[in-house]
Amino acid sequence: MGIPYDTKLPPDLRALKREIEGYAHEYGLDFYETIFEVVEAEDLNEIAAYGGFPTRYPHWSFGMAFEELKKGYDYGLSKIYEMVINNDPCYAYLMRCNHTVDQKLVMAHVYGHCDFFKNNAYFAHTSRKMMDEMANHGVRIRRYVEKHGEDEVEAFVDRCMSIDDLVDIHSTAIRRREEHSRYDFKEKEEDQLRLTRFKSKDYMDDYINPPEALKAEEEERRKKQEESLRTPEHPEKDVLLFLIDHAPLKPWQRDILSIIRDEAYYFAPQGQTKIMNEGWASYWHSTIMTTRALSPSEMVDYADHHSGTMATSRGRLNPYKLGIELLRDIEMRWNTGRFGKDFDDCDDLDKRRTWDTKLGLGRKKIFEVRRVHNDITFIDTFLTPEFCQEHKMFSFNYDEQGGNYVIESREFEKIKQRILFGLTNFGKPWIYVVDSNYRNRGELLLRHEHNGIDLKLDKAADTLANIQALWSRPVHLHTVVDNQPSLMTFDGSNHSIKNLGESDDPRKHSPGKAK
């Protein structure tokens, strides 16, 4: 089989690529053709600032990200060892100054990511030609800059990017809108607009078609028309989609908002599977390196760099470490049969500790886990009390009296709850569109599904201002402030917060019924 994509690699790296790719295939990894490009450190920082897409549209925030990455590298605080893009073919970048052992490790890690991108269910909806689509997005936005001016377009992109997380990450398998052609201009059937009138002679008309009945029917239809303006019928979590459909935007603005939304959905699975994805790639780079690729002289350097990747610190969850250790724990449990009713019902601690039915299903199980789970279901399904005890896990909280963080609990349920809470919706609030004609004024009403943690009011106020700029009318947010139902409002010039009683609750739709 030829290698049509890696002709720019130097001969030594081309040989390494063939070697590591062969090991990955031997272990059963399945991935798209992978293109490795060798770049300088500054170029890699620039590509990373663009999210891995050097052809992405221009924006000042990417420049800020580049400066942060560059300073981190210059001062020895951080270094990007690898970057890989979910695409067909996959693109991966190697830093030219890396040592040979680092290039081996990066390649093995990349093939783990590529296998995960191709086979995990949560990436199934993503575009496999995103490198080309990003380039198209950049061309379109640059054209709008030339036509409407850099300041106006950049200000609009700022607003869109500030709300790019107001999407429904769980909706990718749900068809929300009926398919229709943009050239379908059919008018409503005229019969649907007519009142119900029966044929009659003139002198019998008031008897057969009573004016009171016609007036009541007209009033009912008017009420239904007004009610139809109160879209959506149920709370809508995909705020960007709602704004694209209903906000009074210009065509170029609607196109830019659609671009931001498309990219948000492309990147969303990477946030949903951070622990699994990094754990899977780390599992395979450690397996390939320690069983196949390492030479004796490279062992110390590899151990040093691998341990740095797995290192943990206070107040931070290392996805590499948690992911790889939980995958290894699953493999061990399914190899030894430590799952199922018999094992769960066993109360003998010594017997549980030495339990081994020689099943040997571990490798098969972790491939299944890689295919069907995201981080939340991964942790919820496979985190065990034994795992937490072995890895000395605990939950912590802030002690206001002492002014520092303290261990809150070592109980399994508390630890699991804390991890899952931080992973749900990436730790961000749930926001729904409730009413687009609030108080019959064409104002927008949003609802925050309060889960015990109040919004950061300064950030909520800025977000309301950006949504109001898109909606052009006042925007309201129903939330909880200091344990009181409250309504935050931005009317285009002033912010306000009003305390509400339960009787003042605008629209009592449960977010659980959201589309």
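Look a little higher up for the structure.
Residues numbered from 1 in each chain as written. Predicted model: local features only at pLDDT ≥ 70, side-chain atom pairs only at ≥ 80, totals over all residues. Heavy atoms only, no water.

A. How the structure looks around the layout of surface pockets. Considering only enclosed or pocket space, the second largest pocket measures out at about 1600 Å³ in volume. Secondary-structure elements contributing two or more residues to the lining of the second largest pocket are α3 (60–74), β2 (82–85), α4 (100–119), α6 (150–162), α11 (251–272), α12 (274–293) and α13 (299–310). Broken down by element, the residue count for the lining of the second largest pocket peaks at seven residues, all from α11. Residues belonging to the lining of the second largest pocket are distributed by class as follows: 22 nonpolar, 16 polar and 12 charged. When we break the lining of the second largest pocket down by domain, the ones giving at least three residues each are domain 1 (5–120 + 273–296) and domain 2 (131–166 + 238–271). (1 Å grid on protein atoms, 1.4 Å probe; cavity = no way out; pocket = protein on both sides within 12 Å on 5 of 7 lines; lining within 4 Å. Points joined across faces, edges and corners; volume = space filled by probe spheres on them. Helix = DSSP H or I, 4+ residues; strand = E, 2+ residues; numbered from the N terminus. Nonpolar A, V, L, I, M, F, W, Y, C, P; charged D, E, K, R; others polar. Domains from an automatic or database assignment.)

B. Structural detail: the sheet that holds β2. If you walk across this open sheet you meet the three strands as β1-β3-β2, and the pairing is mixed. The strands lining the two open edges of the sheet, one partner per strand, are β1 (34–39) and β2. Across the sheet, the axes of successive neighbouring strands diverge by a mean angle of 20 degrees, strand direction being ignored. Relative to strand β3 (residues 90–95), β1 runs parallel, the two being bridged by six bridges. Among the inter-strand pairings, threonine 34 is bridged to a residue of β3, identified as cysteine 90. (Pairing = 2+ DSSP bridges. Axes fitted to C-alpha atoms, helices over the stretch in contact; angles between N-to-C directions.)

C. A look at the packing of helix α14 (residues 319–336) against helix α18 (residues 375–382). Close contact between α14 and α18 brings their axes to 11 Å; oriented N to C, the two are set at 45 degrees. Considered as vectors, α14 and α18 are oriented oblique to each other. Along this stretch, α14 crosses α18, giving a crossing that reads as left-handed. Contact with α14, carried on its side by Leu322, Gly323, Leu326, Leu327, Ile330, Arg333 and Trp334, involves Phe378, Ile379 and Phe382 of α18 and no other residues of that element. Along the lines of polarity and charge, the residues of the contact of α14 with α18 split into eight nonpolar, one polar and one charged. (Parallel < 35°, antiparallel > 145°, perpendicular 65-115°, else oblique. Left-handed = near helix turned anticlockwise from the far one by under 90°. Contact = heavy atoms within 4.5 Å.)

D. Fine view of the pattern of salt bridges. Across all of its chains, the model carries 23 salt bridges by this definition. Between lysine 17 and glutamate 21 there is a salt bridge, and its shortest N-O distance comes to 2.8 Å. Of this pair, lysine 17 and glutamate 21 both sit in helix α1 (residues 11–26), separated by four residues, roughly a single helical turn. By relative accessible area, which is 1% here, lysine 17 ends up buried. When the shortest N-O distance is used, the salt bridge between glutamate 386 and arginine 352 registers 2.7 Å. Separated by 34 residues along the polypeptide, glutamate 386 in helix α19 (residues 385–390) and arginine 352 in helix α16 (residues 349–353) bring together distant segments of the chain. On the basis of relative accessibility, which here comes to 38%, the residue glutamate 386 falls in the partly exposed class. Look at arginine 352 and you get buried, because its relative accessible area is 16%. A single network of salt bridges, built from pairs that share partners, joins Lys17, Glu21 and Glu33. (Salt bridge = Lys/Arg side-chain N within 4 Å of Asp/Glu carboxyl O. Buried < 20%, exposed > 50% of the residue type's maximum accessible area, 1.4 Å probe, protein only.)

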